[in-house]
Amino acid sequence: MDDELIRLRHELHGIPEASGQEIKTAARVAEWLGGCDHHGMVTDVGGHGVAVFFDGPVTGETLLFRADLDGVPVAEMTGSPYASTHKGLAHACGHDGHMAILCGLARTLSEVPPARGRVVLLFQPAEETGAGADAVIQDPRFQGFIPDRVFSLHNLPGKPLGQVCVPDRLFACASLGMDIHLSGTPSHAAWPEHGHSPMPIVQALLSDEELLGREQGGPFFMTTVTHLQMGSPGFGVSPGEARIQLTLRAEADAYLDYRMSLIKKKMGERAGLLGLGCEVMVTNEFPGTPVDPEVAAEVVEAASRAGLDVASLSEPMRWSEDFGWFTHRYPGVMVGLGAGEGPQLHNADYNFPDALIEPGVVLFSAIVRHFLRSTPM
């Protein structure tokens, strides 16, 4: 294993930062890249993003490889000697490993540049909120390195260690968050009829299996209640307000929007019948992560030639990835890299396996050689 890249991952693991606040992380990545023989670097892209370029001797396609900078708002419980030093934050999604892999690719390209074209390595901010990729794309400086193809990977607990899992249609589902605020009037708990309580609406929502997507058949859709608060703790007051937070997931972006609109409409109608106000905010929007089938087939070929274990990913991940903002616009693919058995992503004891760094670098290097060989395919 590559001790230098492992030490880098451990260092990054110890300084996780919230989405949009990745100052130390971006600085450390830029410092590492500064030691490579690259052909240009741009910082503060789409926030704290860092992009570095490696050019071949002749013109050709531009390939973009992305890693993510941000941590997760979880208190780490790995017991690792290099555990998070930032309270309430952890690299429980493995972004530290993704960054180490891309830094390894930078070192490889520094030693052996692409035979033609350009390779862009993007260290993207704010993946966990779904805002980072789109912010990068909207940054005017992105116009200077618009890609022809885009690539990324994500570690997958539960899949064989080092296995390259290539999706055949979609890597991850679309999702969004709904923050619903119901406002009425409180009353004495002995006379709840004299107030306007949100309790009936909350009860109706939680028991509405059709609205929440628990019915069998039809397109995949699910709703998870992630937060519920009604009134204040106590026994003498019937509550006059409530806040409900939901996460909605679906394979198709359009179907997700339809179900979100349906919930919003039903909640508004029910609130109106009981004389309550209803405000709904939609946030943390992630598109689905589609795959270009031709690019995916070529990634399978490149990975197989590099001696990697390759498997098909027939069902998309239920969780979401903002790399979909890229693959909706540019041909590309996001693949999974098996992390073996162990804790799931976002668990407090999750720790990216060091053994995945080397196959990740091998995979990305093979993709560069495949697409940017000396003569076009």
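Here the structure is a predicted model, which is why all the values come from computation and not from measurement.

Asks: Explain the packing of aromatic side chains to me, please; I cannot follow it from the model alone.
Replies: The geometry of an aromatic ring pair comes down to the distance between the two centres and the angle between the two planes. According to the stated counting rule, one finds 11 aromatic pairs in the structure shown. Aromatic pair F53 and F145: ring centres 5.3 Å apart, planes at 50°, arrangement tilted. With a gap of 92 residues between them, F53 in strand β2 (residues 49–55) and F145 in the loop between α4 (132–138) and β5 (149–156) connect regions that are remote in the sequence. Here F53 and F145 have matching classes, each one buried. Ring centres 5.9 Å apart and planes at 35° place the aromatic pair Y255 and Y258 in the tilted group. On the criterion of helical spacing, the pair formed by Y255 and Y258 is a turn pair, its members being 3 residues apart in helix α7 (residues 253–273). An aromatic cluster is built from F53, F142, F145, F323, F326 and Y330, whose rings are joined through pairwise contacts. Cation over ring: R118 sits above F53, and NZ or CZ is 4.6 Å from the ring centre.

Asks: Where do I start with the side chain of Q163 in this structure?
Replies: Tracing the sequence through the fold places Q163 in the loop between β5 and β6 (164–167). Residue Q163 is classed as buried on the basis of its relative accessible area, which comes to 11%. Those residues in contact with Q163, other than ones at most four positions away along the chain, are D309, A311, G336, L337 and G338.

Asks: What's the story with helix α1 (residues 3–13) in this structure? I'm lost.
Replies: Since the α-helix advances by 3.6 residues per turn, residues separated by three or four positions end up pointing in the same direction. Among all positions of α1, only L5, I6, L8, R9, L12 and H13 are buried. The buried residues of α1 occupy an angular sector of 160° when projected down its axis, which confines them to one face. Structurally, α1 contributes buried residues whose contacts are with α2 (23–34), α3 (95–111) and α10 (357–371). The backbone nitrogen of E4 has a side-chain oxygen 3.1 Å away, supplied by the residue at the start of α1, namely D2.

Asks: Got a minute to help me understand the state of the cysteines in this structure?
Replies: Chemically, a disulfide is nothing more than a covalent bond linking the sulfur atoms of two cysteines. Scanning the entire structure with this criterion turns up 0 disulfides. Distance from the sulfur of C93, which forms no disulfide, to the nearest cysteine sulfur (C173) is 15 Å. The class for C93 is buried, based on a relative accessible area of 6%.

Asks: I'm lost on the environment of P81 in this one. Help?
Replies: Its location among the elements puts P81 in the loop between β3 (62–68) and α3. Taking the C-alpha atoms as reference, P81 lies 9.1 Å from H10; in sequence the two are 71 residues apart.

Asks: Help me understand the packing of α1 against α2, please; the structure alone is not making it clear to me.
Replies: The packing of two helices is summarised by the inter-axis angle and the distance between the axes. In the contact formed by α1 and α2, the axes pass within 11 Å of each other and the chain directions differ by 160°. For the element pair α1 / α2, the angle class is roughly antiparallel. Seen from above, α1 lies across α2 with right-handed handedness. Contact residues: α1 offers E4, L5, L8, E11 and L12, while α2 offers T25, R28 and W32. Taken together, the residues that form the contact of α1 with α2 break down as 4 nonpolar, 1 polar and 3 charged.

Asks: I tried to follow the sheet that holds β6 on my own but got confused; where do I start?
Replies: Two pairing modes exist for strands in a sheet, parallel and antiparallel, and in both the strands are linked by backbone hydrogen bonds. Spatially, β1-β2-β4-β3-β5-β14-β6-β13 is the arrangement adopted by the 8 strands of the open sheet, whose pairing is mixed. Of all strands in the sheet, those bounded by a partner on one side alone are β1 (41–45) and β13 (310–313). Here the strands of the sheet are splayed against their neighbours by 25° on average, with no regard to which way each runs. As defined by bridge partners, β1 adjoins β2 across 4 bridges and the pair is classed as antiparallel. The residue bridging M41 from the neighbouring strand is V52, located in β2. Contacting β5, β6, β13 and β14 (332–338), helix α8 (residues 293–305) crosses the sheet at an angle of about 40° to β14.

What counts, and at which threshold
Residues numbered from 1 in each chain as written. Predicted model: local features only at pLDDT ≥ 70, side-chain atom pairs only at ≥ 80, totals over all residues. Heavy atoms only, no water. Phe/Tyr/Trp six-rings, centres within 6.5 Å; stacked < 30°, edge-to-face > 60°. Helix = DSSP H or I, 4+ residues; strand = E, 2+ residues; numbered from the N terminus. Buried < 20%, exposed > 50% of the residue type's maximum accessible area, 1.4 Å probe, protein only. Lys NZ or Arg CZ within 6 Å of the ring centre and 35° of its normal. Contact = heavy atoms within 4.5 Å. Arc of directions from axis to C-beta. Polar contact = N/O pair within 3.5 Å; in protein donor to acceptor, adjacent residues only side chain to side chain. Disulfide = S-S within 2.5 Å. Axes fitted to C-alpha atoms, helices over the stretch in contact; angles between N-to-C directions. Parallel < 35°, antiparallel > 145°, perpendicular 65-115°, else oblique. Left-handed = near helix turned anticlockwise from the far one by under 90°. Nonpolar A, V, L, I, M, F, W, Y, C, P; charged D, E, K, R; others polar. Pairing = 2+ DSSP bridges.

Fair warning: the whole summary comes from geometry, so function is off the table for now.
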